[in-house]
Amino acid sequence: MSKLDEFLAGDRLDDVALFLTHEYLDSEGKLANYGEEVDDGVVLVVEGEKGRRMFASGTGMDAMGFAKQAMEVEGHIDRDLGGGDAPDGGDVQFVFAFAEAENEEVGGRYADGDVIHAYAYSSGGTAFSDRWVVGAE
């Protein structure tokens, strides 16, 4: 099982996942050397703090600041993190994601299982977010 499969299954709660398209990588840097090739780009699954530093290095944005901005706009991010449907109609350039453990005390979707929080940036300049329970459709 790959690191990405483990992440998507909720088995890497201390890690973050980064997806960057080939086009974005071509113009922005060397992160491809650290990730695994997927259809439209490269995905990296790394320890949380290292991942946030790599995100900042590869995108020029602070990971948590980006996530906060993206939370203001909902969109659809593919469950494999390799793209999505941007609200502005643009193509997804990159995705930053982390998983949060099931927490019955919080309730809602968090009582149903581990939750993936994903934040994306489109070619149109829109940051947006999506969340889902691991294993749910």
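Residues numbered from 1 in each chain as written. Predicted model: local features only at pLDDT ≥ 70, side-chain atom pairs only at ≥ 80, totals over all residues. Heavy atoms only, no water.

1. Notes on the overall build of the chain
Looking only at helices and strands, the chain has four helices and eight strands in total. Starting at the N terminus and ending at the C terminus, the chain contains elements arranged as α-β-α-β-β-α-α-β-β-β-β-β. On C-alpha atoms alone, the chain measures out to a radius of gyration of 14 Å, which is about the 14 Å that the 2.2 N^0.38 rule sets for 137 residues. Principal axes of the C-alpha set define a box for the chain whose edges measure 45 × 30 × 25 Å. The 137 residues of the chain split such that 44% are buried. Considering only intrachain contacts with a sequence separation of at least 6, the fraction spanning at least 24 residues in the chain is 57%. Surface exposure of the chain reaches about 7,100 Å², of which carbon and sulfur atoms provide 42%. Here the chain holds 10 positive side-chain charges and 30 negative ones, and the gap between their average locations is 8 Å. (Helix = DSSP H or I, 4+ residues; strand = E, 2+ residues; numbered from the N terminus. Rg over C-alpha atoms; globule rule 2.2 N^0.38 Å. Buried < 20%, exposed > 50% of the residue type's maximum accessible area, 1.4 Å probe, protein only. Contact = heavy atoms within 4.5 Å. Areas by Shrake-Rupley, 256 points an atom, 1.4 Å probe, with all protein chains shown as cover. Lys, Arg positive; Asp, Glu negative; His and termini not counted. Charge placed at Lys NZ, Arg CZ, Asp CG, Glu CD.)

2. Regarding helix H4 (residues 63-70)
Taken as a whole, H4 has its buried residues at Ala-63, Phe-66, Ala-67 and Ala-70. Relative to the axis of H4, the buried residues are bounded by an arc of 100 degrees and lie together on one face. (Arc of directions from axis to C-beta.)

3. Observations regarding the nonpolar core
Residues Phe-7, Ile-77, Leu-81, Val-95, Ala-97 and Ala-118 are the most contacted members of the largest nonpolar core, which totals 18 residues. Elements supplying a minimum of two residues to this core: helix H1 (3-8), strand S1 (15-21), strand S3 (41-47), strand S6 (92-100), strand S7 (115-122) and strand S8 (127-133). Take this core: its biggest share by element is four residues, from S6. If you look at the next biggest cluster of nonpolar residues, it comprises 17 residues, including Leu-18, Leu-20, Phe-55 and Phe-96. (Core = buried A, V, L, I, M, F, W, Y, C linked by side-chain atoms within 4.5 Å.)

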